[in-house]
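Structure at a glance
The chain contents come next:
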Amino acid sequence: MTTLLGQRPLVQEAAALRSGADDPVDAVRRTCDRIDAVDPQVRAFVPEDGRRTRLLEAARELAAAGPPGPAGRPALYGVPVGIKDIVRVDGLPTRAGSALPPEVLAGAQAVVVDRLRAAGALVAGKTVTAEFAVTAPGPTRNPHHPAHTPGGSSSGSAAAVAAGMVPLAIGTQTVGSMIRPAAFCGVVGFKPTYGRIPLDGVIPNALSFDTLGWYATDVAGVALAASVLLDGWRGGGGVPGRPELQPDPRPGRASRPVLGVPVGPYLERAGEEALRAFKEQRGLLGAAGYEVREVPVMDDFDAVVEQLFTMNRYEVARAHADWFARFGDRYREQTTAAIRQGQAIGDAAYEAARRRRAAFRAELAAASAGAGIDLWLAPAATGPAPADLTTTGTSIMCLPWSNAGLPSLSLPAGRAADGLPLGLQLIAAEGADEALLDAATGIERVLNGAEGEGASRH
């Protein structure tokens, strides 16, 4: 795919820097020039005095290490990366989109940033988040149309990649905070299996769901970052014990997974435009040789929604108990409401919700196995980005998969009538992140018109 505004995709950027065909100092200059030119309109990055000076110093220090040793330069050598501002970075304040004093939110650098820096990446800056990654939106605009939301809560990270400011950006998802912004901004967003990246150094939202993820302009870029960031990465893909999901030995080919469509009350939550696009996407995949099966599931979807938000709000309130007691008057209305809701939920209700979630996960896994499917397929959002900057949109299309802790990915999949991007969501079994990324590569080709009859259009 091509990017919205011309940023070189991550794999090409990283390859040029590792080989010496490009230089980290030049990459930093390009990044800072792009941020200076674009971010006053998009507002994806948290403002930072001295960004260029800081980054140039870091790039020169990296370059001064000299030519690569026998093992070569690391995977993300010299690549500028955006970091969501609930993720702590040494040398940069963490504000979490809030008015709380940054020193109150300070702490040790996040493990995910340690891994990025060990891989040679340079931190381009903090990206805007909804306040404490809940629902109160930040100032970021959708790069495709500034009157529309970029989604939330990882709004700045998705918009920074979509606007060509950085080739890679880190976000988080509790319910729909990676996948929805990816769909709204027209980039690839990936949320791994819950627990596959340590959350140390990340300000919590709801710890039973919080998951680090990232954005790139294509699946290849997401997979490159996964090889650096995921615990227990199994290079080359595949799932142990699942021979049907191992890489195909033929060059450039992978076995085609069976795709499942979760028909019922959940899918009915998508809007008409999203459902029309989803029908066309299913047709493209079928024409390209994928088997797509309809699977009735989640008949009790309203109860699933209630269960998740019981747990979510309870955990949000506990995560903020100390800060809210001290600085409650500085919280925004939406975050305050979420905390107040959580304060009213008792331990017994929370434990009951936890038991219901365990049952839901088992039922979802059984439905998948019984239908013989490898990946779920669903709209990534209820439609295109709303023309409303006071909301980040609804996370409902991501909710059951986050509830189950499953790895999910959003692919750009055509455009709505108003020209805004739409996204197609792929969801794999727990721990099948590598298989998901392998499968997404082939599906991406179909959606981009490289296989089948052509790309999705509206």
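Since we're looking at a predicted model, the values are computed, not measured.

**As for the overall build of the chain**
- For the chain, the count of helices and strands is 15 helices and 10 strands.
- For 458 residues, the compact-globule formula gives about 23 Å, and the C-alpha radius of gyration of the chain, at 21 Å, lands near that figure.
- If one aligns the C-alpha atoms of the chain with their principal axes, the spans along those axes are about 60 × 55 × 45 Å.
- When the 458 residues of the chain are sorted by exposure, 57% land in the buried category.
- Charge separation in the chain, taken as the distance between the mean sites of 45 positive and 49 negative side-chain charges, equals 2 Å.

**Points about the nonpolar core**
- With 110 residues, the main nonpolar core has Leu76, Trp214, Leu409 and Ile443 as its most contacted residues.
- Sequence-distant contacts of Leu76, defined by excluding residues within four places in its chain, comprise Leu10, Leu116, Ala119, Gly120, Ala121, Leu168, Leu224 and Val228.
- Formed by 27 residues, the second largest nonpolar core is a distinct cluster that contains Leu56, Val161, Cys185 and Val187.

**A look at the packing of helix 1 (residues 10-19) against helix 8 (residues 219-229)**
- Packing of helix 1 against helix 8 leaves a shortest axis separation of 7 Å and a crossing angle of 55 degrees. If you check the angle between helix 1 and helix 8, you find them oblique. Contact residues: helix 1 offers Leu10, Val11 and Ala14, while helix 8 offers Ala220, Gly221 and Leu224.
- Of the residues assigned to the contact of helix 1 with helix 8, the class counts are five nonpolar, one polar and no charged.

**Examining the packing of helix 2 (residues 24-42) against helix 3 (residues 51-63)**
- At a minimum axis separation of 8 Å, helix 2 and helix 3 run at an interaxial angle of 165 degrees. In terms of orientation, helix 2 and helix 3 fall into the roughly antiparallel class. Crossing hand, helix 2 versus helix 3: right-handed. Residues Pro24, Val25, Val28, Arg29, Cys32, Asp33, Ile35 and Asp36 of helix 2 touch helix 3, and the partners they reach there are Arg51, Arg52, Leu55, Leu56, Ala59, Arg60 and Leu62.
- Split by residue class, the contact of helix 2 with helix 3 holds nine nonpolar, no polar and six charged.

**Focus: the packing of aromatic side chains**
- Considering all chains together, one arrives at eight aromatic pairs under this definition.
- Ring centres of Tyr266 and Phe301 lie 5.5 Å apart, and the angle between their planes is 70 degrees; on these two criteria the pair is classed as edge-to-face. Of this pair, Tyr266 sits in the loop between strand 6 (259-263) and helix 9 (272-287) while Phe301 sits in helix 10 (residues 301-319); the two residues are 35 residues apart in sequence, bridging distant segments of the chain.
- With a relative accessible area of 1%, Phe301 lands in the buried category.
- Where Trp376 meets Trp401, the ring centres are 5.7 Å apart and the plane angle is 35 degrees; that geometry is what we call tilted. Of this pair, Trp376 sits in strand 8 (residues 375-379) while Trp401 sits in helix 14 (residues 399-403), and the two are 25 residues apart along the sequence. Both residues of the pair, Trp376 and Trp401, belong to the buried class.
- Members of the aromatic cluster, joined through ring pairs, are Phe132, Trp323, Phe324 and Tyr331.
- One Lys or Arg, Arg256, reaches over the ring of Tyr290 and ends 4.6 Å from the middle of that ring.

**Thoughts on helix 1**
- What helix 1 keeps buried is the set Leu10, Glu13, Ala14, Ala16 and Leu17. Seen from one end, helix 1 has its buried residues packed into an arc of 160 degrees, which puts them on one side.
- Where helix 1 is buried, its residues touch helix 2, strand 3 (168-173) and helix 8.
- Directly after helix 1, the chain includes Gly20, whose backbone phi takes a positive value near 90 degrees.

**Concerning the state of the cysteines**
- Considering all chains together, one arrives at zero disulfides under this definition.
- This cysteine, Cys185, is not joined by any disulfide, and Cys398 carries the nearest cysteine sulfur, 13 Å off.

**Section: the sheet that holds strand 1 (residues 80-84)**
- The 10 strands are arranged 2-1-3-5-4-9-10-8-6-7 in an open sheet whose pairing can be described as mixed. The sheet terminates laterally at strand 2 (122-127) and strand 7 (292-296), the two strands that pair on one side only. The sheet shows a mean angle of 30 degrees between the axes of neighbouring strands, taken without regard to direction.

**Points about the pairing of strand 6**
- Extensive coverage of strand 6 is indicated by the burial of four of its five residues.
- Direction of pairing for strand 6 relative to strand 7: parallel, over a ladder of five bridges. Bridging from a neighbouring strand, Pro262 pairs with Val295 of strand 7.
- Running through helix 9, the crossover from strand 6 to the neighbouring parallel element strand 7 is right-handed.

**Considerations on the pairing of strand 3**
- Most of strand 3 is tucked away: six of the six residues are buried.
- The alternating pattern of strand 3 places Leu168, Ile170 and Thr172 on one face and Ala169, Gly171 and Gln173 on the opposite face, and all of these are buried.
- As paired elements, strand 1 and strand 3 share three bridges and run parallel to each other. Among the inter-strand pairings, Ile83 is bridged to a residue of strand 3, identified as Ile170.
- Bridging between strand 3 and strand 5 (residues 211-216) involves five bridges; their strand directions are antiparallel. The partner of Ile170 across the bridge, within strand 5, is Trp214.

**Focus on unusual backbone geometry**
- A cis geometry characterises the amide bond from Gly152 onward to Ser153, with omega recorded as 0 degrees.
- Not every positive phi belongs to a glycine, and Ala96 is a case in point at roughly 60 degrees.
- With respect to the helices and strands, the residue Ala96 is situated in the loop between strand 1 and helix 4 (102-105).
- Since its relative accessible area comes to 0%, Ala96 is described here as buried.
- Not every positive phi belongs to a glycine, and Phe132 is a case in point at roughly 50 degrees.
- Residue placement: Phe132 occurs in the loop between strand 2 and helix 6 (155-162).
- A relative accessible area of 1% means that Phe132 is categorised as buried.

What counts as what
Residues numbered from 1 in each chain as written. Predicted model: local features only at pLDDT ≥ 70, side-chain atom pairs only at ≥ 80, totals over all residues. Heavy atoms only, no water. Helix = DSSP H or I, 4+ residues; strand = E, 2+ residues; numbered from the N terminus. Rg over C-alpha atoms; globule rule 2.2 N^0.38 Å. Buried < 20%, exposed > 50% of the residue type's maximum accessible area, 1.4 Å probe, protein only. Lys, Arg positive; Asp, Glu negative; His and termini not counted. Charge placed at Lys NZ, Arg CZ, Asp CG, Glu CD. Core = buried A, V, L, I, M, F, W, Y, C linked by side-chain atoms within 4.5 Å. Contact = heavy atoms within 4.5 Å. Axes fitted to C-alpha atoms, helices over the stretch in contact; angles between N-to-C directions. Parallel < 35°, antiparallel > 145°, perpendicular 65-115°, else oblique. Nonpolar A, V, L, I, M, F, W, Y, C, P; charged D, E, K, R; others polar. Left-handed = near helix turned anticlockwise from the far one by under 90°. Phe/Tyr/Trp six-rings, centres within 6.5 Å; stacked < 30°, edge-to-face > 60°. Lys NZ or Arg CZ within 6 Å of the ring centre and 35° of its normal. Arc of directions from axis to C-beta. Disulfide = S-S within 2.5 Å. Pairing = 2+ DSSP bridges. Right-handed = clockwise from strand over helix to strand, strands pointing away.

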